[in-house]
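# Observations on the three-dimensional arrangement
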Amino acid sequence: MIQIQAFSPEHASGVVDVILPIQQEEFGIPITLEGQPDLKDIPGFYQKGKGNFWVALEAGKVVGTISLLDIGNDQVALRKMFVAASHRGKEHGTAARLLQGAVDWARLQGVRQIFLGTTAKFLAAHRFYEKNGFRQIEQADLPPAFPVMVVDTRFYALDCAA
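These lines cover the structure that appears in this document, whether it is placed above or below. (Residues numbered from 1 in each chain as written. Predicted model: local features only at pLDDT ≥ 70, side-chain atom pairs only at ≥ 80, totals over all residues. Heavy atoms only, no water.)

### Considerations on the environment of Phe 53
Mapped onto the elements, Phe 53 comes out in strand E2 (residues 52–58). By relative accessible area, which is 0% here, Phe 53 ends up buried. Each C-alpha atom of the pair Phe 53 and Ile 42 lies 7.3 Å from the other, and the pair is eleven residues apart in sequence. In contact with Phe 53, not counting residues within four places along its chain, are Gln 5, Ala 6, Phe 7, Val 15, Ile 42, Tyr 46, Gln 47, Thr 65, Ile 66, Ser 67 and Lys 80. (Helix = DSSP H or I, 4+ residues; strand = E, 2+ residues; numbered from the N terminus. Buried < 20%, exposed > 50% of the residue type's maximum accessible area, 1.4 Å probe, protein only. Contact = heavy atoms within 4.5 Å.)

Below is the structure:
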């Protein structure tokens, strides 16, 4: 049974073990752990203000991740949404549970909008976000504080006042 919980330091290596292979092997993105300093200090980077970081666990093993980065003005950036291939799909519900938990938590924090950037390669992710109420926006429509990553070419927004 999959459990969703806030990140704690004992999850650090499991988070890296889920994220890096998806980035590097599945999608061929030439990124390293060193190129993602946020993953080396998850509490200091994400778990402050209206931000947080969650993991999906099965039998204590990290099988998925999601985070919200507080960018001010009651807005957050959704980042690090990854689910291990073995736990993807409707039958597992891992991605849906991670996203719903993050959105529910954001609403409780008074967040007005959630923004995200993704790469053109993540086609399944595009469908997933759209199915879950996110609308595609232009990069020019992002708030100035949104941290655009080099690989980001598609952008989405979700209004939380629902």
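### Description of the sheet that holds strand E1 (residues 2–6)
Spatially, seven strands are ordered E1-E2-E3-E4-E5-E7-E6 in an open sheet, and the strand pairing comes out mixed. On the outer flanks of this sheet lie E1 and strand E6 (135–137), each paired with one strand and no other. The mean angle between the axes of side-by-side strands here comes to 30°, regardless of whether they run parallel or antiparallel. Pairing geometry for strand E4 (residues 75–83) and strand E5 (residues 113–118), over four bridges, is parallel. Looking at E5, one finds that Leu 78 is bridged to Leu 116. (Pairing = 2+ DSSP bridges. Axes fitted to C-alpha atoms, helices over the stretch in contact; angles between N-to-C directions.)

### Some details on the pattern of salt bridges
Considering all chains together, one arrives at five salt bridges under this definition. Here Lys 50 ties to Asp 74 by a salt bridge, and the two come within 2.4 Å at their closest N and O atoms. Of this pair, Lys 50 sits in the loop between helix H2 (42–45) and E2 while Asp 74 sits in the loop between strand E3 (61–70) and E4, placing them 24 residues apart in sequence. On the accessibility criterion, Lys 50 (23% relative accessible area) is partly exposed. Its relative accessible area of 31% is what places Asp 74 among the partly exposed residues. Close ionic contact of Arg 154 with Glu 130 constitutes a salt bridge, the shortest N to O distance being 3.4 Å. You can see Arg 154 sitting in strand E7 (residues 154–159) and its partner Glu 130 sitting in helix H4 (residues 123–131), a full 24 residues away along the chain. Residue Arg 154 is classed as partly exposed on the basis of its relative accessible area of 22%. (Salt bridge = Lys/Arg side-chain N within 4 Å of Asp/Glu carboxyl O.)

### Thoughts on the packing of aromatic side chains
Tallying each qualifying case throughout the model produces nine aromatic pairs. Plain terms: the ring middles of Phe 7 and Phe 53 are 5.7 Å apart, the flat faces sit at 75° to each other, and that makes the pair edge-to-face. One end of the pair, Phe 7, is in the loop between E1 and helix H1 (12–26); the other, Phe 53, is in strand E2, and 46 residues separate them in sequence. Ring geometry for Tyr 129 and Tyr 156: centres 6.1 Å apart, planes at 45°, overall tilted. With Tyr 129 in helix H4 and Tyr 156 in strand E7, this residue pair connects regions lying 27 residues apart in the sequence. For the residue pair Tyr 129 and Tyr 156, the accessibility class agrees, reading buried in each case. (Phe/Tyr/Trp six-rings, centres within 6.5 Å; stacked < 30°, edge-to-face > 60°.)

It is worth stressing that arrangement in space is one thing and function is another; only the former is reported here.
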